[in-house]
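# An overview of the molecular structure
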Amino acid sequence: MHEEPMEKAPTGRPGLLEAFWLLSALRVAVRTAVAVRARREALPLRVRLRREVRRLRRLLDRLQLALLYADVVGDQTLDAALLRRFDLLLTAREVADAWRTLHQDLLQWYPEVPASLVEAVRRAARRFDRLDAESPAIRWQAALHFGNRVLRAVRHMLRRKR
């Protein structure tokens, strides 16, 4: 009886499973390093809020570009489509985590921050948590649109609270 080598993905596509594993492992390593650095720095709340807003802006932009790329260029192979979808899902989880972190930081600033804004940030986290591989593109775009509106409101509030 001949066994498949361990390097081969169960689907018969060598390297695809390894690419998934590598992509997720790299993301976890980066997120862990960022979290450790943030804990060591013990920054003031306002600085943490601004940093988290910048991080969210970058993540939302990255997600928007990935969706635009998929819409305009498309994937050449099934493997590329699977890897792109996996990357989108990982990015959506990162965005949801960033919204949750922002929500926790805003709760620490309450009641100086309007309750409606704190609730909008919580809803943004839930929207990105609910995105999955089967979600239609319009749902991804709606989550991005809502996230961009909420992020603008948070940025505006931070500018007023100087």
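Our subject is the structure that appears above.
Let me sum up the structure you'll find in this document. Since this is a predicted model, take the numbers as computed values, not measurements.

Note that Val-53 resides in helix α2 (residues 45-72). Between the C-alpha atoms of Val-53 and Arg-155, which are 102 residues apart in sequence, the distance is 7.2 Å. Residues within four places of Val-53 in sequence aside, it is in contact with Leu-102, Leu-151, Val-154, Arg-155 and Leu-158.

Here we come to the layout of surface pockets. Approximately 150 Å³ is the volume attributed to the second largest pocket. The wall of the second largest pocket is formed by Leu-67, Leu-68, Ala-70, Asp-71, Arg-84, Arg-85, Leu-88, Ser-135, Pro-136, Ala-137, Trp-140 and Gln-141. Those elements that place two or more of their residues in the lining of the second largest pocket are α2, α3 (78-109) and α5 (137-160). No other element matches α2, which puts 4 residues into the lining of the second largest pocket. Partitioned by chemical class, the residues of the lining of the second largest pocket number 7 nonpolar, 2 polar and 3 charged.

Another aspect to go through is the side chain of Thr-91. As for its placement among the helices and strands, Thr-91 is situated in helix α3. For Thr-91, a relative accessible area of 2% translates into the label buried. Looking at Thr-91, its side chain comes within polar contact range of the main-chain oxygen of Asp-87, at 2.9 Å. Aside from chain neighbours lying at most four places away, what touches Thr-91 is Arg-27, Leu-59, Arg-62 and Leu-63.

Turning next to the packing of α2 against α3. Here α2 crosses α3 at 155°, and the two axes come no closer than 9 Å. Between α2 and α3, the interaxial angle falls into the category roughly antiparallel. Crossing hand, α2 versus α3: left-handed.

What follows is about unusual backbone geometry. Of note, the amide linkage connecting Tyr-110 to Pro-111 takes the cis form, showing an omega dihedral of 15°. Among the structural elements, Pro-111 can be located in the loop between α3 and α4 (115-129).

Let us look at α2. For α2, with 28 residues, the first-to-last C-alpha span of 40 Å sits near the 40 Å given by 1.5 Å per residue. Along α2, the residues that are buried comprise Leu-45, Leu-49, Glu-52, Val-53, Leu-56, Leu-59, Leu-60, Leu-63, Ala-66 and Leu-67.

So, on to the pattern of salt bridges. Counted according to the given criterion, the structure contains 7 salt bridges. Residue Asp-129 pairs with Arg-100 through a salt bridge whose shortest N-O separation is 2.6 Å. In this pair, Asp-129 sits in helix α4 while Arg-100 sits in helix α3, placing the two residues 29 residues apart along the sequence. The exposure class assigned to Asp-129 is partly exposed, which follows from its relative accessible area of 34%.

On to a nonpolar patch on the surface. On the surface, Trp-21, Leu-22 and Leu-26 cluster together to form a nonpolar patch covering roughly 360 Å² of accessible area. You can see Trp-21 is positioned in helix α1 (residues 16-41). On the basis of relative accessible area, Trp-21 is assigned to the exposed category, the value being 59%.

Scoring rules and cut-offs
- Residues numbered from 1 in each chain as written.
- Predicted model: local features only at pLDDT ≥ 70, side-chain atom pairs only at ≥ 80, totals over all residues.
- Heavy atoms only, no water.
- Helix = DSSP H or I, 4+ residues; strand = E, 2+ residues; numbered from the N terminus.
- Contact = heavy atoms within 4.5 Å.
- 1 Å grid on protein atoms, 1.4 Å probe; cavity = no way out; pocket = protein on both sides within 12 Å on 5 of 7 lines; lining within 4 Å.
- Points joined across faces, edges and corners; volume = space filled by probe spheres on them.
- Nonpolar A, V, L, I, M, F, W, Y, C, P; charged D, E, K, R; others polar.
- Buried < 20%, exposed > 50% of the residue type's maximum accessible area, 1.4 Å probe, protein only.
- Polar contact = N/O pair within 3.5 Å; in protein donor to acceptor, adjacent residues only side chain to side chain.
- Axes fitted to C-alpha atoms, helices over the stretch in contact; angles between N-to-C directions.
- Parallel < 35°, antiparallel > 145°, perpendicular 65-115°, else oblique.
- Left-handed = near helix turned anticlockwise from the far one by under 90°.
- Expected span 1.5 Å × (residues − 1).
- Salt bridge = Lys/Arg side-chain N within 4 Å of Asp/Glu carboxyl O.
- Patch = residues over 30% accessible without salt bridge, like charges linked within 9 Å, V, L, I, M, F, W, Y side chains within 5 Å.
- Areas by Shrake-Rupley, 256 points an atom, 1.4 Å probe, with all protein chains shown as cover.

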